[in-house]
Amino acid sequence: MKVHETKSQAHASAADEGKVMTRKQKAENKGHDGEQSPKKAKSEHETDRANGKTKADIAREFEDFCKSVREHLSVAQMREILEMNDQDSSGSDGSVTTKCQDLLFLGALGKCPLCDCNLEFDGTRYSCKGSYSEWSSCTFKTSNPPRKEEPIKLPDSVLNTPIADLLKKYQEPSRRPHRDLGAPAKPFAGMMISLSGRLSRTHHYWKKIIEKNGGKVANSVIGVNCLVVSPAERERGGSSKLSEAMERGIPVVREAWLLESIEKQELQPLEAYDVVSDLAVEGKGIPWDKREASEEALESLAAEIKVYGKRGVHKDTKLQERGGQIFERDGILYNCAFSLCDMGREINEYCVMQLISVPESNLHLYYKKGRIGDDSRAEERLEEWENVDNAIKEFTRLFEEVTGNEFEPWEREKKIEKKLLKFYPVDMDDGVDVRHGGLGLRQLGVAATHCNLESKVANFMKVLCSQEIYRYAMMEMGLDPPDLPVGMLSNVHLRRCEEVVVQFVEAVKPIKGTGQKSEAVWSDYSQRWFTLMHSTRPLILRDYEELADNVVAAFETVRDITVASHLVGDMSGSTLDDPLSDRYNNLGCSISPVENDSDDYKMIVKYLEKTYEPIKVGDIDYGVSVENVFAVEPSACPSMDEIKKLPNKVLLWCGTRSSNLLRHLKKGFLPATCSLPVPGYMFGKALVCSDAAAEAARYGFTAVDRPEGFLVLAVVSQGDNITEVSSVPEDTKSLEEKKIGVKGLGRKKTDESEHFMWEGDIKVPCGRLIPSEHKDSPLEYNEYAVYDPKQTRIRFLVGVKYEEKDAVMDTAEPQGEVS
C-alpha cells in the first residue's frame, strides 16, 4: 500500500529527468533563500536613472563616503543618528558603523514586508529580526530593501562636524543613489585573515585581493578569524603560526576557501575547507550539514545512537559503563531532550539534560547543548552532586532556562507553552530506539541460524529486526542526528507532530500565488515542523510536494518506526535464545512462504511482470525480480471470510518501505494523515493502492545501494458505490464521511482484456500497461482509495530485488585457466 512513506523517488519520471535524490540531497541542491526573485543583472556600466551615474561610480562614491564617516563621526554619534531615525543602534562598534553608513548614504530602512518588523543590515545583506510566532523568526532577507521616503534626521552634534555638508547632500530621498545592492559584494567584510607558508600566489597578492573583498590581513594569528595555509603544511609538520592557531582553536583552512569565496562572491563555510582539525587532540571535524550529502549519509549510517530512549544514559557520559541509570523519583525519569529550529536566526540546535545515578557514587548531572550535526563544538558538562535535592533543583532550573516553562507540569501533565527562541521538548518514550536495540550487522547471521522459524521466515524477520533498514530510512529523510532518538517518541510528541502537520496543510491550502504573505506562512510552519522533528538540514518548504515528502510522509514513517522500536526492543544481547521467534510471536501475524511451483506464486509473478515498468535512476533503468513470496494472515486485519462478504473486491499492489512493514503487520494499514493535491494524498484520509506494480515499486525502491525491498498485495473491497476521478477531488471530506470508494484514473491503465478472477470473485487487474484516455490526469497509473481499514486485508508480501537492466556480465574465462 502506498501508505504514504517518504517518497524519495516516488514519482521520479522522465519529466524529472530520472533524478533520484534523498531528502538531504534535495535540501542541498534546491535553493531556499528568502531572497526576492532575482532580476536580470545589469552591467557595471549601466547608469542609475536618477542621477546618471554608473554602478561603478556609485560603488566608489560609497567607499569614499564610508571613509569620511569613519574619520569624522564617533561611534556614539552614529548610535545617536540610528536612534533618531528609528533604527537599531545595538551591537558592536563595527556593526553600528556599518548600519549608520548605510542609513546616511541610502536612507532609513523601512519595515519588513512579511512581519512589519525592523530590518537590519549586516554589511552584506538586509534581514529581518522579527518573528511570525513563538515558534519562528522571520526569514526575510534581501539585497534591495524598502526605504523610508523621508529626510534623514541629523543630531546637532553632527551638524557641527566637518562632514555635515557631505551628509546633507544625501539627506533628501530625491538625492540618494538607487542601487540593486545595498553595498558592493565583499565576501570577507569584517574578517581578519592570516596567511602562512607557500601558497599558489604570493602573500602580497593575497593581501591586495583580501582587502579588495572587504577583509584585512594580519601578520600573527592573534585575534584572526582563520589561518590560510597550503595543505602541504601539515605534511611538513606545520609552521609556528599553524601550531599557535591549533592551540588557540583558530580554524586552519586551505587556499581554496579564498578562491571559492571570491568566485561565488559569498563567504564559504570554514569547516568545509579544514586542513588540520583531525590532528588536534579533540578534533573539531566538519559539521554534518557542511559536508556533501553522500559523506553525511555514510557518517550517519555508521554513527552510534547516543540516547536510545527515556532510560538511555547518554553515550558520551561513559557512565553506562559504570552501571549508570537515569535517576527516577516519584514516577518521573529525569531525562529530557529538546530541539530548536529558527531559520531566521540561523539556529538549529539540540539540548540533552540527564540526572544519572551510579552505583557507589554520587548523582551526576549531564548537560549538552549544541548545533545539530556539529557535535565537537557542543557545550557539554558532567557534574557530580552529593545532595540529591540540590541536583534536582539544578535540573529543574535548567529546564526552565531552556524552555521558559516549569519542569513538573511538563513531566506530570505534559503541559508546556512554546516561547520565542526557547527550546521545545522532544518527548522520548520509555523504550529502545530500534536503531540501537535492533540486530547489528554481526548479529544477523547468528540470529537467523539459531531461529526455530522456517528459514525463509527467519530471514524475513531478521531483516525487519535489523538496525540497518531503520537507519537508512532515517538517513534518507535527514532525521538521523545521533543525540536524539527520533525512532522512540512518546504518543504525546507524535500527537503534537500530527497536529502541526494538519495545521500546516490547513494554513497553506487557502494561499493563492507565491507572494510575500505566502512566504511568511510556509516559513513559519517549516520552522515549527523542524523544531518538533529535528534535522541536520532543515529547509523552508515552498510547495505541496515538498510538504508531502518532508513533513507528512516523514511523520508517518517516524510513527511507524516508533511502533517497530517497541516490537523489536533491545536485541543487543545474546541471540542464542532465539529472539527472532519471540518477536514473530509478538507480531500477531502468521507468515508462511509460498512455494515457487504453486498457482498463487505463478499468478503473483505474472501480475508483477505484466504491470511493472522500469524505475529510472539517472540514465539507468532498474527492473525487478521476485526473490520470495510470503502469504500473511495478520490478526489486525479483517479475516478473508469477512472480506469475501464485501462487494467489488480487487487484488492490488501497495508500496511501502521495509522500515514500515512491522507496523503494518502488527496494526494493519492506517489512512493518510491529511489531504494534499499530490499523488498519494489527493484522496484525503484514505488507504491507497494501485493495479500497477510499477507504482508500488517506486515506494519500495530506496536507492541503488539498497536493491532489496518488499511489495504488498492486499485484497481491497471498493464498496457498493465507486466514484471515478481523473483530477484532484475538490472535497475529500464528503468522500471520507460517506466512505465512498474512489478510483483515480491514471494516464496509463492495465489492459482489461487480460484481467481475471482469483479465489472466486476477487478481480486481479493483471494486464500489460497501455495508454488511457486520461492524458491530463495527475496520476501516472490507476489508484484505488478506500476510507475504512475494514475493507482491506494484507494477503501477500513479495520480496523483490531491483536490478540494473541491460547490464553486460563479463562471463569470459581468464586466460591461462584450465576449464
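Further up the page is the structure itself.
Residues numbered from 1 in each chain as written. Predicted model: local features only at pLDDT ≥ 70, side-chain atom pairs only at ≥ 80, totals over all residues. Heavy atoms only, no water.

Engineer: Hey, could you run me through the pattern of salt bridges in this one?
Structural biologist: Side-chain pairing between opposite charges can occur once the charged atoms of the two side chains come close. Here the structure, examined in full by the defined rule, presents 48 salt bridges. With its nearest N and O atoms 3.3 Å apart, the salt bridge here joins Glu379 to Arg381. Residue Glu379 is classed as partly exposed on the basis of its relative accessible area of 39%. A salt bridge links Asp560 to Arg559, with the shortest nitrogen-to-oxygen separation between them at 3.1 Å. On the basis of relative accessibility, which here comes to 0%, the residue Asp560 falls in the buried class. A relative accessible area of 14% places Arg559 in the buried class. Salt bridges here are not isolated pairs; linked through shared partners, they connect Lys306, Asp316, Lys368, Asp375 and Asp483. (Salt bridge = Lys/Arg side-chain N within 4 Å of Asp/Glu carboxyl O. Buried < 20%, exposed > 50% of the residue type's maximum accessible area, 1.4 Å probe, protein only.)

Engineer: Just checking my understanding: could you explain the packing of helix H18 (residues 491-508) against helix H20 (residues 544-568) for this structure?
Structural biologist: What describes two packed helices is the angle between their axes and the distance between those same axes. Relative orientation of the contacting elements H18 and H20 amounts to 165°, with a least axis distance of 11 Å. Comparing the axis directions of H18 and H20 gives the class roughly antiparallel. Helix-helix and strand crossings are classified by hand; for H18 and H20 the assignment is left-handed. Residues Leu494, Cys497, Glu498, Val501, Phe504, Val505 and Val508 of H18 form the contact with H20, whose participating residues are Tyr544, Leu547, Val551, Val552, Phe555, Val558, Arg559 and Thr562. (Axes fitted to C-alpha atoms, helices over the stretch in contact; angles between N-to-C directions. Helix = DSSP H or I, 4+ residues; strand = E, 2+ residues; numbered from the N terminus. Parallel < 35°, antiparallel > 145°, perpendicular 65-115°, else oblique. Left-handed = near helix turned anticlockwise from the far one by under 90°. Contact = heavy atoms within 4.5 Å.)

Engineer: How should the nonpolar core be read in this particular structure?
Structural biologist: Within soluble globular proteins, side chains that are nonpolar tend to cluster in buried spots. Phe460, Trp529, Ile591 and Trp653 are the most contacted members of the largest nonpolar core, which has 126 residues in total. Listed in part, the 34 residues of the second largest apolar core include Cys66, Leu114, Tyr126 and Ile152. (Core = buried A, V, L, I, M, F, W, Y, C linked by side-chain atoms within 4.5 Å.)

Engineer: Can you walk me through the side chain of Arg698 in this structure?
Structural biologist: Secondary-structure assignment places Arg698 in helix H25 (residues 693-700). Residue classification places Arg698 among the buried positions, given a relative accessible area of 8%. Polar contacts involving the side chain of Arg698 include one to the side chain of Glu780, which spans 2.3 Å. (Polar contact = N/O pair within 3.5 Å; in protein donor to acceptor, adjacent residues only side chain to side chain.)

Engineer: How should the sheet that holds strand S8 (residues 226-229) be read in this particular structure?
Structural biologist: Hydrogen bonds along the backbone pair up the strands of a sheet, which may run parallel or antiparallel. One open sheet accounts for four strands, arranged S7-S6-S8-S9; its pairing is parallel. Each having just a single partner strand, strand S7 (216-218) and strand S9 (252-254) make up the two edges of the open sheet. The sheet shows a mean angle of 40° between the axes of neighbouring strands, taken without regard to direction. Here strand S6 (residues 192-195) pairs with S7 via three bridges, running parallel. Opposite Met192, over in S7, you have Lys216 as the bridge partner. In the packing of helix H9 (residues 240-248) onto the sheet, the strands contacted are S6, S7, S8 and S9, and the crossing angle to S8 comes to about 145°. (Pairing = 2+ DSSP bridges.)

Engineer: How should unusual backbone geometry be read in this particular structure?
Structural biologist: Residues apart from glycine generally show negative phi values, whereas peptide bonds are mostly found in trans. Even without a glycine there, the phi angle at Glu346 is positive, about 55°. Here Glu346 is to be found in the loop between strand S13 (335-342) and strand S14 (347-357). Positive phi, close to 50°, is recorded for Glu759, a residue that is not glycine.

Engineer: How should I be thinking about helix H11 (residues 293-302) in this particular structure?
Structural biologist: Residues that lie three or four places apart on an α-helix share one face, since the helix turns once every 3.6 residues. Considered for burial, the residues of H11 that qualify are Ala293, Glu296, Ala297 and Ser300. Down the axis of H11, the sector holding all buried residues measures 105°, keeping them to one side. Turned more than 90 degrees away from the buried face of H11, the exposed residues are Leu298 and Ala302. (Arc of directions from axis to C-beta.)

Engineer: Please clarify how the environment of Gly746 should be interpreted in this entry.
Structural biologist: Within the secondary structure layout, Gly746 lies in the loop between strand S25 (741-744) and strand S26 (748-750). Separated by 26 residues in sequence, Gly746 and Ser772 place their C-alpha atoms 7.1 Å apart. Each residue touching Gly746, except ones within four places of it in the same chain, is listed here: Ser772, His774, Ser777, Leu779, Glu780, Tyr781 and Asn782.

Engineer: Just checking my understanding: could you explain helix H7 (residues 203-212) for this structure?
Structural biologist: Among all positions in H7, only Trp206, Ile209 and Ile210 are buried. Buried residues in H7, looked at end-on, bunch into an arc of 100°, giving them a common side. Of the exposed residues in H7, the ones pointing more than 90 degrees away from its buried face are His204, Lys208 and Lys212. Of the surrounding elements, those touching the buried residues of H7 are S6, S7 and helix H10 (256-264). The first or second residue beyond H7 is Gly214, which carries a positive phi of 95°.

Engineer: Looking at this structure, how should I read the environment of Ser300?
Structural biologist: Relative to the helices and strands, Ser300 resides in helix H11. Expressed as a C-alpha distance, the spacing of Ser300 and Tyr472, which sit 172 residues apart in the sequence, is 8.9 Å. Within the structure, Ser300 has its side chain in polar contact with the backbone oxygen of Ala297 (distance 3.0 Å). At 2.7 Å, the side chain of Ser300 and the side chain of Asp480 are in polar contact.

Engineer: In this structure, what is going on with the sheet that holds strand S2 (residues 126-128)? I would like to understand it.
Structural biologist: Taken in spatial order, the three strands make up an open sheet running S1-S2-S5, and their pairing is antiparallel. Looking at strand neighbours, the two that pair on one side only are strand S1 (119-121) and strand S5 (141-142), the edges of this open sheet.

Engineer: Hey, could you run me through the packing of H7 against H10 in this one?
Structural biologist: Direction vectors running N to C along H7 and H10 enclose 35°, while the axes themselves pass 12 Å from each other. Our pair here, H7 against H10, has a crossing hand that is left-handed. For the pair formed by H7 and H10, the contact residues are Trp206, Ile209 and Ile210 on the first element and Leu258, Leu259 and Ile262 on the second. Looking at the contact of H7 with H10 residue by residue, the classes come out as six nonpolar, no polar and no charged. (Nonpolar A, V, L, I, M, F, W, Y, C, P; charged D, E, K, R; others polar.)

Engineer: What's the story with a negative patch on the surface in this structure? I'm lost.
Structural biologist: Taken together, the side chains of Glu454, Glu595, Asp597 and Asp599 define an acidic patch exposed on the protein surface. When you line up the elements, Glu454 lands in the loop between helix H15 (441-449) and helix H16 (455-464). (Patch = residues over 30% accessible without salt bridge, like charges linked within 9 Å, V, L, I, M, F, W, Y side chains within 5 Å. Areas by Shrake-Rupley, 256 points an atom, 1.4 Å probe, with all protein chains shown as cover. Lys, Arg positive; Asp, Glu negative; His and termini not counted. Charge placed at Lys NZ, Arg CZ, Asp CG, Glu CD.)

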